[in-house]
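# Coordinates in review
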Amino acid sequence: EYLQTSQDTPTSLTRYLLEVAKQNKDMGDMVALINGIQFACKKIASLVGKAGVTDLMGIYQQGIVNVHGEEQKKLDVLSNEVLKNALKYSGKMAVIASEEEDVPIMVEESYSGNYVVVFDPLDGSSNLDAGLPTGTIFGVFQQQFSCLIHDYEESIDNMELACLQNTLQPGRRLIAAGYCIYSSSTMLVLSLGNGLHCFTLDTEVGEFVLTRANIQIPQRGNIYSFNESNFYQWDKGVQDYIERLKKGNNQTNCRYSARYVGSMVADVHRTILYGGIFGYPADKKNVSGKLRLVYECAPMAYLVEQAGGKATTGIENILDLTPKDIHERKPLILGSPADIEEFLQVYGMSRVDR
Ligand code: P6P
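The chain goes by fructose-bisphosphatase in an unreviewed UniProt entry, where it is assigned to Galdieria sulphuraria. UniProt, in its Sequence similarities (unreviewed entry) section for the chain, records the words "Belongs to the FBPase class 1 family." In its Catalytic activity (unreviewed entry) section, the UniProt record describing the chain reads: "beta-D-fructose 1,6-bisphosphate + H2O = beta-D-fructose 6-phosphate + phosphate".

Attention now goes to the layout of surface pockets. Roughly 580 Å³ of internal volume is contained in the largest pocket. In this structure, the largest pocket is lined by 30 residues; those nearest its centre are Glu70, Asp123, Gly124, Ser126 and Lys290. The set of elements that each furnish at least two residues to the lining of the largest pocket consists of β3 (112–123), α6 (264–274) and β11 (277–280). Among the residues making up the lining of the largest pocket, the classes are represented as six nonpolar, ten polar and 14 charged.

Turning to α6, a few remarks are in order. With nine of eleven residues buried, α6 lies mostly within the body of the structure. Looking only at α6, the buried set comprises Met264, Val265, Ala266, Asp267, Val268, His269, Arg270, Thr271 and Ile272. Count one or two residues on from α6 and you reach glycine 275, which has phi positive near 90°.

A few words on the packing of aromatic side chains. Using the criterion set out here, one finds seven aromatic pairs in the structure. Consider the rings of tyrosine 241 and phenylalanine 343, whose centres lie 5.1 Å apart with planes at 85°: the pair is edge-to-face. Taken together, the positions of tyrosine 241 in helix α5 (residues 236–247) and phenylalanine 343 in helix α8 (residues 337–353) put the pair 102 residues apart, joining distant regions of the chain. A relative accessible area of 0% means that tyrosine 241 is categorised as buried. Using a relative accessible area of 1% as the deciding quantity, one classes phenylalanine 343 as buried. Ring geometry for phenylalanine 343 against tyrosine 347: centres 5.3 Å apart, planes inclined by 15°, an arrangement best described as stacked. On the criterion of helical spacing, the pair formed by phenylalanine 343 and tyrosine 347 is a turn pair, its members being four residues apart in helix α8. For the pair formed by phenylalanine 343 and tyrosine 347, the shared burial category is buried. Cluster of aromatic residues (ring-pair linked, three or more members): Phe226, Phe231, Tyr232 and Trp234. Sitting over the ring of phenylalanine 231, lysine 246 keeps its end group 5.6 Å from the ring centre.

The next thing to look at is the UniProt feature "domain: Fructose-1-6-bisphosphatase class 1 C-terminal" (unreviewed entry) in the chain. Residues given the UniProt feature "domain: Fructose-1-6-bisphosphatase class 1 C-terminal" (unreviewed entry) here are residues 217–347. Helix makes up 37% of residues 217–347 and strand 12%, whereas the separation of the span's terminal C-alpha atoms amounts to 22 Å.

In this section: the sheet that holds strand β13 (residues 332–335). Taken together, five strands build an open sheet; the order of strands is β10-β9-β11-β13-β12 and the sheet is mixed. Edge positions in the sheet fall to β10 (257–258) and β12 (310–312), since each has one partner strand and no second. Of the pairings in the sheet, the one linking β11 to β13 comprises four bridges and is antiparallel in character. Its bridge partner lying in β13, glycine 279 is registered against isoleucine 333. Of the strands in this sheet, β12 and β13 touch helix α7 (residues 293–306), which is tilted by about 20° from β13.

Okay, the pattern of salt bridges next. Under the criterion given, the structure shown has 22 salt bridges. A salt bridge links lysine 73 to aspartate 129, with the shortest nitrogen-to-oxygen separation between them at 3.6 Å. One end of the pair, lysine 73, is in the loop between α2 (28–49) and α3 (74–88); the other, aspartate 129, is in the loop between β3 and β4 (134–142), with 56 residues separating them in the sequence. Residue classification places aspartate 129 among the partly exposed positions, given a relative accessible area of 45%. Lysine 310 is the partner of glutamate 341 in a salt bridge, and the nearest nitrogen-oxygen pair spans 3.6 Å. On the criterion of sequence distance, the pair formed by glutamate 341 in helix α8 and lysine 310 in strand β12 is long-range, its members being 31 residues apart. What emerges from the salt-bridge pattern is a single network uniting Arg220, Arg244, Asp339 and Glu342.

The rules behind each value
- Note on numbering: residues in each chain are counted from 1, in written sequence order.
- Given that this is a predicted model, residues contribute local features only at a pLDDT of at least 70 and side-chain atom pairs are listed and counted only at 80 or more, while totals for whole chains, interfaces and linings are drawn from all residues.
- Side-chain descriptors were evaluated using all non-hydrogen atoms of the structure, hydrogens and water having been removed beforehand.
- UniProt positions are given in the numbering used here, feature names are shortened, and annotations may be inferred rather than shown by experiment.
- Buriedness for pockets is judged along seven lines, at least five of which must meet protein on both sides within 12 Å for an open set on the 1 Å grid over protein atoms alone, while cavities are sets there where a 1.4 Å probe fits but cannot get out, and lining residues have an atom within 4 Å of a point.
- Grid points are joined across faces, edges and corners, and a volume is the space filled by probe spheres set on the points.
- Numbering of helices and strands runs from the N terminus, with a helix taken as a DSSP run of H or I at least four residues long and a strand as a DSSP run of E at least two residues long.
- The nonpolar class holds Ala, Val, Leu, Ile, Met, Phe, Trp, Tyr, Cys and Pro. Asp, Glu, Lys and Arg form the charged class, and all remaining residues, Gly among them, are polar.
- Residue exposure (1.4 Å probe, protein chains only): buried if accessible area is under 20% of the type maximum, exposed if over 50%, otherwise partly exposed.
- Between 30 and 60 degrees the pair is tilted, below 30 it is stacked and above 60 it is edge-to-face, where a pair is any two Phe, Tyr or Trp rings, Trp via its six-membered ring, whose centres lie within 6.5 Å.
- Any Lys NZ or Arg CZ found within 6 Å of a ring centre and within 35 degrees of that ring's normal is scored as a charge over the ring.
- Should DSSP find at least two bridges between two strands, the strands are taken to pair.
- We call two residues contacting when some pair of their heavy atoms lies within 4.5 Å.
- Lines fitted to C-alpha atoms define the axes, with helix axes restricted to the stretch in contact, and inter-axis angles between N-to-C directions lie between 0 and 180 degrees.
- Definition used for salt bridges: Asp or Glu carboxyl oxygen within 4 Å of a side-chain nitrogen of Lys or Arg.

Structure representation (structure tokens):
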């Protein structure tokens with residue numbers, strides 16, 4: 001009910017969060033956390049938008065690579081710092097895990113809270129120099145294991161282990177997630193477990209305002225979004241499925257259009273709004289797929305399910321998986337229910353044929 005918007009005063013994200021806190025006494029800390037995230041997203045949107053004229057394009061340090069062996073962009077590093085600080089100073093975080101950090105960060109006691117946030121601060125940053133969409137992806141868990149440094153009977157190793165274990169929770173335990181897409185407009189798409197809502201940044205007032213409430217993904221779409229340069233590296237089942245879509249001999253008897261930005265947030269956002277299917281399957285080169293389970297696949301799977309869609313590895317539901325490592329990769333296929341069901345049917349048949 002607090003998503004209702006009157007014509008002249010659309011609900012702002014700030015007002016929506018105040019209503020959530022008013023109606024749910026135990027959500028006060030979550031509201032403070034999401035407010036920290038919205039501030040960080042506004043800042044990142046500003047940095048991304050003027051990167052070309054403020055020498056923020058390009059590589060952070062020539063020849064220096066991150067834990068994934070990838071050269072970090074200047075904006076990868078900057079976005080990571082902006083988000084880490086906003087979360088830390090919200091005073092609600094116990095643990096912060098980022099694609100740009102080798103290991104999860106334990107927040108010191110004076111700022112520590114009960115939440116665990118996992119995020120990719122600027123996904124798709126390789127597209128920045130060409131002005132293509134990028135995005136921030138985040139997921140929120142309750143802390144399961146105390147990793148406060150004041151538990152003196154515990155050794156620092158146990159603190160660090162507890163810290164890591166807090167970030168290796170199955171997606172089913174997510175209590176909130178969202179992404180912010182930096183594109184023709186800046187949109188923060190969020191769920192606190194009560195549906196999926198989109199807030200668009202009104203740059204004139206510097207506020208995110210509600211533009212889509214209770215988003216529902218179409219039951220079926222007619223767009224498929226895969227990097228087809230990997231076609232001959234895929235399993236036979238994936239190849240068979242894509243061939244069917246291209247030839248129109250699928251359950252709709254019509255050919256699908258191919259759309260692939262190469263920036264996960266953009267491809268997932270379009271899939272949620274227009275329907276269809278997005279996938280980064282395993283291939284001979286990336287035998288576990290390319291996308292990261294903890295801070296890319298699981299938050300996006302949570303959001304797609306909030307919109308009535310599905311997300312799978314092709315064998316298991318993404319949200320049922322318990323990560324083994326903070327940077328673990330997994331195959332990801334997500335989208336409209338009918339499209340995912342058809343994919344699983346074809347992919348499953350090919351596995352039977354083996
Ligand atoms: P490829 C961007 O680098 C990213 O992590 C995701 O945002 C995107 O979906 C994927 O990789 C694109 O990978 O191999 O198709 O360029």
